[in-house]
Amino acid sequence: MIPGGGQPNMQQLLQQAQKMQQELAAAQEELARTEVEGQAGGGLVKATVTGSGELRALVIDPGAVDPEDTETLADLVVAAVQAANENAQQLQQQKLGPLAQGLGGGSMPGLPF
């Protein structure tokens, strides 16, 4: 509202919304390019994901491979991927959180927070 009881300037509101939409798109694009890592087993298994959560790489130290115990290796892989995804979610909060607050706060449909 404009002080004095006037109506909000629709053109100005549309421009602000368009700017915020552009900033959101740029932040999402940056997240898709940014890679974060998670690891398990003291670094025996490392997973790399993008800031948007796409798995890009998985590195398994040969010392983690025991043909008699593939279950432990599988657990390490899952733990590394989960750690990487947690790091990606933190990055999403840093990049997209302030933009969501600017659009009225709270969660936004289609965004992972």
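Residues numbered from 1 in each chain as written. Predicted model: local features only at pLDDT ≥ 70, side-chain atom pairs only at ≥ 80, totals over all residues. Heavy atoms only, no water.

**A look at the pairing of strand E1 (residues 35-40)**
Condition: Throughout this description, buried means an accessible area under 20% of the type-specific maximum (1.4 Å probe, protein chains only), exposed means over 50%, and partly exposed covers the range between. Helix and strand assignments come from DSSP, with helices taken as H or I runs of at least 4 residues and strands as E runs of at least 2, each series counted from the N terminus. One bridge is not enough; two strands pair if DSSP finds at least two bridges between them.
Where burial is concerned, the two faces of E1 differ: the one with Val36, Gly38 and Ala40 is buried and the one with Glu35, Glu37 and Gln39 is not. Note that E1 and strand E2 (residues 45-50) share six bridges and pair antiparallel. By the bridge assignment for E2, Gly38 is matched with Ala47. Turn length for the E1-E2 hairpin, with the two strands adjacent in sequence and antiparallel, is four residues, and the turn residue Gly41 shows positive phi of about 65 degrees.

**Comments concerning the pairing of E2**
With five of six residues buried, E2 lies mostly within the body of the structure. Examined bridge by bridge, E2 and strand E3 (residues 55-60) share five bridges and lie antiparallel to one another. The residue of E3 that forms the bridge with Ala47 is Leu58. Count of turn residues in the E2/E3 antiparallel hairpin: four residues, of which Gly53 carries a positive phi of about 95 degrees.

**Some points on the pattern of salt bridges**
Side chains bearing opposite charge may pair, as long as their charged atoms lie close to each other. As a reminder, the rule being used: One side-chain nitrogen of Lys or Arg within 4 Å of one carboxyl oxygen of Asp or Glu is enough to make a salt bridge.
Tallying each qualifying case throughout the model produces five salt bridges. The salt bridge involving Glu23 is made with Lys19; its shortest N-O contact spans 3.7 Å. Remark: Lys19 and Glu23 occur in helix H1 (residues 10-33); sequence separation between them is four residues, near one turn of the helix. Note on Glu23: relative accessible area 34%, which makes it partly exposed. Put simply, Glu35, Glu54 and Arg56 are held in one network by salt bridges that share partners.

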